[in-house]
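Results of the structural survey
Spelled out from the first residue to the last, the chains are:
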Amino acid sequence: MTQLPYAIDAETPLSPSELAVLRAQYEKEGEMVGVQTKFNYAWGLVKSNIRTEQQLGVMLLSEIFRTSPERRRECLYYLALGNYKLGNYGEARRYNDNLLEREPANLQATNLRTLIDDKVAKEGLMGVAIVSGVAVAAGIIGGVLLRNLGRKR
């Protein structure tokens, strides 16, 4: 669990029954689904620990963001959160920075920025370690091959 109290949404999914209520309302409204109903369902999906649900939540929020300019501010945090949970850190940072430009004192967004930055730094270090490991392995293999070529002459 994170130590950042305002980033609790990143780690607290709805219960299956709570999500089922939101899904039922969304499906009940069908083609004429209201923006608030769609947002509520997307919010619940983004909070999920199931990747396919998170992806659907981000897709629904993206639709709201594109088609309902008056709801964009509300979508920004959850688009950032959803992309963060999916590992799309560049997108997460873009949405979160957009929100922080509008609301510099937003504690949820400030804490989410910290989570994003920490994850990028951690994965960046893992990437460096992997590349270093590959380089060492290539060097060892190359050395063995050169040594074997030298013996054959």
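All chains use their own residue numbering, which begins from 1 and follows the written sequence. Only residues with pLDDT of at least 70 are given local features in this predicted model, and only at 80 or more are side-chain atom pairs given and counted; all residues enter the totals for whole chains, interfaces and linings. Computation of side-chain values: all heavy atoms of the structure, hydrogens and water removed.

Focus: the overall build of the protein
Counting from the N terminus, the helices are DSSP H or I runs at least four residues long and the strands are E runs at least two residues long. Counting its regular elements, the protein contains 6 helices and 0 strands. Scanning the protein from its N terminus toward the C terminus, one meets helices and strands in the order α-α-α-α-α-α. Throughout, a residue-residue contact means that at least one pair of heavy atoms, one from each residue, lies within 4.5 Å. Across the protein, contacts joining residues at least 24 apart in sequence account for 52% of those joining residues at least 6 apart. In the structure as shown, the protein presents an accessible area of about 9300 Å², 59% of it carried by carbon and sulfur atoms. For accessible areas, the Shrake-Rupley method is used with a probe of radius 1.4 Å. Any residue's cover is judged against the shown protein chains and nothing else.

Considerations on the side chain of Asn 96
Looking at the secondary structure, you find Asn 96 in helix 5 (residues 89–102). Each residue's exposure class comes from its accessible area (1.4 Å probe, protein chains only) as a fraction of the maximum for that residue type: buried when under 20%, exposed when over 50%, partly exposed otherwise. A relative accessible area of 1% places Asn 96 in the buried class. Asn 96 has contacts with Tyr 77, Ala 80, Ala 109, Leu 112, Arg 113 and Ile 116, leaving out every residue within four places of it along the chain.

With respect to the packing of aromatic side chains
Between rings of Phe, Tyr and Trp, where Trp is taken as its six-membered ring, a pair exists when centres lie within 6.5 Å; planes separated by under 30 degrees are stacked, by over 60 edge-to-face, and by other angles tilted. The tally for this structure, following the rule as stated, stands at 5 aromatic pairs. Seen from their ring centres, Phe 65 and Tyr 95 are 5.9 Å apart, and the 80 degrees between their planes marks the pair as edge-to-face. Taken together, the residues span a long stretch of sequence, with Phe 65 in helix 3 (residues 51–67) and Tyr 95 in helix 5 at a distance of 30 residues. Comparing Phe 65 with Tyr 95, the two get one shared label, buried.

As for the nonpolar core
Only buried Ala, Val, Leu, Ile, Met, Phe, Trp, Tyr and Cys residues count toward a nonpolar core, and they belong to the same one when joined by side-chain atoms within 4.5 Å. Ranked by size, the top nonpolar core spans 31 residues in total, and within it Leu 61, Cys 75, Leu 79, Leu 81, Tyr 84 and Leu 112 carry the most contacts. Breaking this core down by element, the ones donating at least two residues are helix 1 (16–29), helix 2 (35–47), helix 3, helix 4 (72–86), helix 5 and helix 6 (107–152). At 9 residues, helix 4 tops the list of elements feeding residues into this core.

Some thoughts on the pattern of salt bridges
Close approach of charged atoms allows side chains with opposite charge to pair. Only one rule defines a salt bridge in this text: a Lys or Arg side-chain nitrogen within 4 Å of an Asp or Glu carboxyl oxygen. Applying the stated criterion across every chain, the model contains 7 salt bridges. Across the pair Arg 71 and Glu 74 runs a salt bridge whose closest N-O atoms are separated by 2.4 Å.

What about helix 5?
The end-to-end C-alpha separation of helix 5 is 20 Å, in line with the 20 Å expected for 14 residues at 1.5 Å each. Taken together, the buried positions of helix 5 are Tyr 89, Ala 92, Tyr 95, Asn 96, Leu 99 and Leu 100. Taken end-on, helix 5 shows its buried residues confined to a sector of 140 degrees, consistent with a single buried face. Opposite the buried face of helix 5, by more than 90 degrees, sit the exposed residues Gly 90 and Glu 101. Helices are assigned an expected span. That span is 1.5 Å times one less than the residue count. As used here, the arc belongs to the directions running from the helix axis to the C-beta atoms.

Let's talk about the environment of Tyr 77
Along the chain, Tyr 77 turns up in helix 4. Given a relative accessible area of 4%, Tyr 77 falls into the buried group. Sequence separation of Tyr 77 and Ala 92 is 15 residues, and the distance between their C-alpha atoms is 8.8 Å.

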